[in-house]
Amino acid sequence: MEYPVPQFIEVEDKIVGPLTLKQFIYIAGGGGLCAIIILSLPLVLAIILCIPVVALAGALAFYKVNGKSFVELIEAAIGFYGGGKLFLWRHSDPTQSEAAATTAAAAARAKAEEVRPSALPKLSQSKLRDLAWSLDVQDRKDES
């Protein structure tokens, strides 16, 4: 038995005319806020305050940036500016005390690097050849 697979699942349903439910809520909220402002303030001041409210409501309802809604953009901006930041490295001109500490640290690293090669066991050419031969022999025994 075959079942139909839903298509276009990323598209929101149009609930109120050509608007989705989210778009309708943003537009209705902006209109309601403008109505409250107009009824409570003098007309000139109310119009000045309603212009940004209408622009914000329109942007929330219809504006998209790189396929993301304006709400997601505002949410990301608040998270970026409000959240903590981690700085791992800051370049600054070294002072004399920092330069002396840097020189001492570089000398300690150089001394540690000199010690490392001598701490490793030395493999002579014959020991290396014996080891390679024994590995070849062991591999052939395992194959048969």
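The structure reproduced in this document is the subject of the present report. What you see is a predicted model, and the numbers here were worked out from it, not measured in a lab.

## Some thoughts on the layout of surface pockets
Then, number 1: Of the volumes computed, that of the largest pocket is approximately 360 Å³.
Then, number 2: Contributing to the lining of the largest pocket are 16 residues, with Glu 12, Lys 22, Ala 61, Lys 64 and Ser 69 lying nearest its centre.
Then, number 3: Secondary structure elements with two or more residues in the lining of the largest pocket: α1 (21–40), α2 (43–62) and α3 (70–82).
Then, number 4: Tallied by class, the residues present in the lining of the largest pocket amount to 7 nonpolar, 3 polar and 6 charged.

## Regarding the packing of aromatic side chains
Then, number 1: Applying the stated criterion to the full structure yields 2 aromatic pairs.
Then, number 2: Between the aromatic rings of Tyr 63 and Phe 70, the centroid separation amounts to 5.8 Å while the plane-to-plane angle is 65 degrees, which identifies the pairing as edge-to-face.
Then, number 3: Of the residues examined, Phe 70 reaches a relative accessible area of 17% and is grouped as buried.
Then, number 4: Between Phe 80 and Tyr 81, the aromatic rings sit 5.0 Å apart at their centres with planes inclined by 75 degrees, giving edge-to-face as the arrangement. The pair Phe 80 / Tyr 81 is uniform in exposure class, with both members exposed.

## A closer look at α1
Residue pairs spaced three or four apart in an α-helix point in one direction, given the helix's 3.6 residues per turn.
Then, number 1: Look at α1: 28 Å from first C-alpha to last across 20 residues, which is about the 28 Å you get at 1.5 Å a residue.
Then, number 2: All buried positions along α1 are accounted for by Gln 23, Gly 30, Cys 34 and Ile 37. The buried side chains of α1 occupy one side of the element, clustering within an arc of 70 degrees when seen end-on. Of the residues in α1, the exposed ones pointing more than 90 degrees away from the buried face are Ile 36, Leu 39 and Ser 40.
Then, number 3: Contact partners of the buried residues in α1: β2 (19–20) and α2.

## Re the nonpolar core
Then, number 1: In terms of nonpolar packing, the biggest core is built from 5 residues, these being Cys 34, Ile 37, Ala 46, Cys 50 and Val 53.
Then, number 2: Secondary-structure elements contributing two or more residues to this core are α1 and α2.
Then, number 3: Top element by residues in this core is α2. It accounts for 3 residues.
Then, number 4: Filtering out sequence-adjacent residues up to four positions away, Ala 46 remains in contact with Ile 37, Ile 38 and Leu 41.

## Here we look at the side chain of Thr 20
Then, number 1: Note that Thr 20 resides in strand β2.
Then, number 2: Residue Thr 20 is classed as buried on the basis of its relative accessible area of 7%.

## Looking at the side chain of Gln 23
Then, number 1: Turning to its location among the elements, Gln 23 is positioned in helix α1.
Then, number 2: For Gln 23, the side chain forms a polar contact with the main-chain nitrogen of Thr 20, separated by 3.1 Å.
Then, number 3: A distance of 3.1 Å separates a polar side-chain atom of Gln 23 from the backbone oxygen of Ala 61.
Then, number 4: Apart from the residues lying within four places of it in its own chain, the contact partners of Gln 23 are Pro 18, Ala 61 and Phe 62.

## Quick notes on the packing of α2 against α3
Then, number 1: The N-to-C vectors of α2 and α3 enclose an angle of 105 degrees; their axes lie 6 Å apart at closest approach. In this view, α2 runs roughly perpendicular relative to α3, as classed from their interaxial angle. Of the residues in α3, those touching α2 at Leu 56, Ala 59 and Leu 60 are Phe 70, Val 71 and Ile 74.
Then, number 2: The residue inventory of the contact of α2 with α3, partitioned by class, reads 6 nonpolar, no polar and no charged.

Conventions we followed
- Residues numbered from 1 in each chain as written.
- Predicted model: local features only at pLDDT ≥ 70, side-chain atom pairs only at ≥ 80, totals over all residues.
- Heavy atoms only, no water.
- 1 Å grid on protein atoms, 1.4 Å probe; cavity = no way out; pocket = protein on both sides within 12 Å on 5 of 7 lines; lining within 4 Å.
- Points joined across faces, edges and corners; volume = space filled by probe spheres on them.
- Helix = DSSP H or I, 4+ residues; strand = E, 2+ residues; numbered from the N terminus.
- Nonpolar A, V, L, I, M, F, W, Y, C, P; charged D, E, K, R; others polar.
- Phe/Tyr/Trp six-rings, centres within 6.5 Å; stacked < 30°, edge-to-face > 60°.
- Buried < 20%, exposed > 50% of the residue type's maximum accessible area, 1.4 Å probe, protein only.
- Expected span 1.5 Å × (residues − 1).
- Arc of directions from axis to C-beta.
- Contact = heavy atoms within 4.5 Å.
- Core = buried A, V, L, I, M, F, W, Y, C linked by side-chain atoms within 4.5 Å.
- Polar contact = N/O pair within 3.5 Å; in protein donor to acceptor, adjacent residues only side chain to side chain.
- Axes fitted to C-alpha atoms, helices over the stretch in contact; angles between N-to-C directions.
- Parallel < 35°, antiparallel > 145°, perpendicular 65-115°, else oblique.

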